[in-house]
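# Tertiary structure, described
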Amino acid sequence: MSVFELSDQEVQRRESLHKLREMGIDPYPAALYPVTDYATGIKENFEEGKQVVLAGRLMSQRVMGKASFAEILDSTGRIQVYINRDEICPGEEKSLYNEVFKKLLDLGDFIGVKGTVFKTQVGEISVHVKEFTLLSKSLKPLPLPKTDADGKVHDAFTDPELRYRQRYVDLVVNAHVKETFIKRSKAMNSMRQFFNEKGYLEVETPILQPIPGGATARPFMTHHNALDIPLYLRVANELYLKRLIVGGFEGVYEFAKDFRNEGMDRTHNPEFTVMEIYVAYKDYNWMMDFTEKMIERVAMEVCGTTEITVGDTTISLKAPFARVTMREAILHFTGFDIHGKSEDALHAACKSLGIETDPTMGKGKLIDELFGEKCEGNYIQPTFITDYPIEMSPLCKRHRQDPELTERFELMINGKEIANAYSELNDPIDQRERFEEQMRLSEKGDDEAMFIDQDFLRSLEYGMPPTSGMGIGIDRLVMLLTNNSSIQEVLFFPQMRPEVKGHKLELSDNEKMILEMVEKDAPIELSTLKVRAGLSGKQWDISIKVLTKQGLVKVTKEGESVSVSIAD
RNA sequence: GAUUCCGUAGCUCAGCUGGUAGAGCAAUACACUUUUAAUGUAUGGGCCCUGGGUUCGAAUCCCAGCGGGAUCACCA
């Protein structure tokens, strides 16, 4: 479909629009509409005869001569309305019903309705309309899924491409999609409340950063014209939140959009949402308690239960969660004990377990591979994996009992990482050394190692209290809570390849050539023209179709002879 | 990036071993004053994703491309 061409139904809707204007009805009125009630509210608190005013989209129309039923969809759901011709049009003039309601309104139009609540003979709560107003005309037909008596949905709007590209349509037509996003908002509000009750402060930190720190990922790069410097979209906000702890806040959190210039799939979108929280004078043990309580509460408030269903499995989000050290986890699933092992020994272990390695991998990366390949997917029920090797955690405090390890945990649910937390490294000298170690790794070829943020180090030198920080992937948490297996389903507007624009309207060379021949010798025998054009069957076919379609030439048949002429 | 499936009416989908496209819903017209996947009758609506090839003839077969899904790989 070209952008320039309108479908049959679109043309008809535009004609209806004109007719409405001719009748003196403004299809896009400016005045507010005094809504008093909503579909769901009316149905939940049925009151026979109650006066109501509501507004929404017209989603179905069942016209039965002088009376009609229709359905209106508002932000809360659908409700049926009943319209009677002689009540809408008490006098001789019946055009408001016969013309406007029956013909000029289309499915998808916004209308407002005043009337009284009643129950039909079949017992459906409906609104008996005394007055209706067109609030906004819809010029494109919506897809119209229907649900039958058995609750089966027909003609569902399911094509993922269309659903993601035109989310507005998806939301109108698929009630469960709306539900997912309401849950998403509830989950974030629930967390916000949990933090605010404890006196922590919601903050905002820069998205445009001169040094993309706090995580190792490829950043999106941009440029600031006035300063003439490169800037990066943040890959994390960790280093800024810690600066705020240095500044004296005791607890800060941010719901942050982060950006990573990497692949896209069902669990990765280039922009995604992370909640990070930092609390002074706490450690990672405290943070585990805090995290499990938070998750339990969010589940209760969003789903009304801590037993959630993900695919075929049931997951219990009731605190407390299991706690397993990384060493135990790897030992359990591979029989290999990483404790005190050299880099060579780890390489050998990976190899014997069928994990590919390369020489740029240090100890941290190798252990990460072992865990990622052999363990991670097994933790379906929520489990804190603790005590990560120091090489893979450059911002995390050294473990109080083992200098090879860090005080870090990741929360695994359904085999995937949901949250990540540390006792934050606040020793500025140690931190500098860790950054330098990262630089060495990066020189070795690991292009994900971090830049050194000198200003962050300076802030630590002023002194940061012992602090624990935690980050949680909001998109993935919402996927869990709403039983969705792809991130696109929990983002309103997931990243998509740009849509290709409509077909060109200019004629091709072949079409121009044929047109010239017709202009010269019209009317001309079709078979003669075909031979003269000298095109392959397919090219001929396409060209003549385009020409007739665009109304440039006309094919007329008289008995046996078919001739082509210029259309008038 | 690899493998694989898909792209046909506004929507959901048929279309066989090649012979100028079908259904339901939606639309248009008429009938119908409590229906609910309303109903009945009639009608209109298609660059069959794009480009090339094979063929007398391609929605159908072949090649290339574009877009999307799924699985895998990559990605803290």
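Throughout what follows, the structure given in this document is the object of discussion. (Residues numbered from 1 in each chain as written. Chains lettered and ligands numbered in written order. Predicted model: local features only at pLDDT ≥ 70, side-chain atom pairs only at ≥ 80, totals over all residues. Heavy atoms only, no water.)

### Focus: helix α11 (residues 343-352)
L346, H347, A349 and C350 are the residues of α11 that are buried. Taken around the axis of α11, the buried residues stretch over an arc of 165 degrees, which confines them to a single face. Of the exposed residues in α11, those oriented more than 90 degrees away from the buried face are D344, K351 and S352. Here the buried face of α11 lies against α12 (363-374). Note on α11: the residue one or two positions beyond its end, G354, has a positive phi of about 80 degrees. (Buried < 20%, exposed > 50% of the residue type's maximum accessible area, 1.4 Å probe, protein only. Helix = DSSP H or I, 4+ residues; strand = E, 2+ residues; numbered from the N terminus. Arc of directions from axis to C-beta. Contact = heavy atoms within 4.5 Å.)

### Remarks on the nonpolar core
Ranked by internal contacts, the top residues of the largest apolar core, which has 43 residues, are M191, F195, M275, I277, M294, M470 and I472. No other element matches helix α9 (residues 284-303), which puts 9 residues into this core. For I472, the residues in contact, after removing those within four places along its chain, are M191, T273, V274, M275, M294, I295, I418, A419 and L477. Residues L104, L105, V117 and F132 belong to the second largest nonpolar core, which totals 26 residues. (Core = buried A, V, L, I, M, F, W, Y, C linked by side-chain atoms within 4.5 Å.)

### Describing the packing of helix α10 (residues 326-334) against α12
α12 packs onto α10 with a crossing angle of 55 degrees between their chain directions and a minimal axis gap of 10 Å. Here α10 lies oblique to α12, going by the angle between them. Crossing geometry of α10 relative to α12 is assigned as left-handed. Of the residues in α12, those in contact with M326, A329, I330, F333 and T334 of α10 are I367, L370, F371 and K374. (Axes fitted to C-alpha atoms, helices over the stretch in contact; angles between N-to-C directions. Parallel < 35°, antiparallel > 145°, perpendicular 65-115°, else oblique. Left-handed = near helix turned anticlockwise from the far one by under 90°.)

### Regarding the sheet that holds strand β9 (residues 208-209)
The 3 strands lie next to each other as β9-β11-β10, forming an open sheet whose pairing is antiparallel. Whereas interior strands pair on both sides, the edge strands pair on one side only; in this sheet they are β9 and β10 (221-224). Bridging between β9 and strand β11 (residues 229-233) involves 2 bridges; their strand directions are antiparallel. Note that in β11 the partner of L208 across the bridge is L233. (Pairing = 2+ DSSP bridges.)

### Structural notes on the sheet that holds strand β1 (residues 51-64)
The mixed closed barrel is built from 5 strands, whose spatial order is β1-β2-β3-β5-β4. If you compare each strand with its neighbour and ignore which way they point, the axes differ by 55 degrees on average. Judged from the 7 bridges that link them, β1 and strand β2 (residues 67-74) form a sheet pairing that is antiparallel. Residue pairing across strands places R57 opposite L73, the latter belonging to β2.

### Considering unusual backbone geometry
For the bond from A319 to P320, the omega torsion is -5 degrees, close enough to zero to count as cis. Mapping P320 onto the fold places it in the loop between β15 (313-316) and β16 (322-325). Positive phi outside glycine occurs at N414, with the angle close to 55 degrees. At N483, a residue that is not glycine, the phi angle is positive and equals roughly 55 degrees. As for its placement among the helices and strands, N483 is situated in the loop between α15 (474-482) and α16 (509-521). Relative accessible area serves as the criterion here: at 38%, N483 is assigned to the partly exposed category.

### Notes on the packing of aromatic side chains
Given two aromatic rings, one states the distance between the centres and the angle between the planes to describe the pair. Counted by the stated rule, this structure contains 18 aromatic pairs. Geometrically, the ring pair formed by F195 and F290 is stacked, given 5.9 Å between the ring centres and 20 degrees between the ring planes. Linking F195 in helix α7 (residues 175-197) with F290 in helix α9, this pair joins segments that are 95 residues apart in sequence. The buried category is assigned to F290, whose relative accessible area is 3%. The side chain of K119 reaches across the aromatic face of F46, ending 4.8 Å from its centre. Across from the ring centre of F336, 5.4 Å away, lies the NZ or CZ of K341, which sits over that ring. (Phe/Tyr/Trp six-rings, centres within 6.5 Å; stacked < 30°, edge-to-face > 60°. Lys NZ or Arg CZ within 6 Å of the ring centre and 35° of its normal.)

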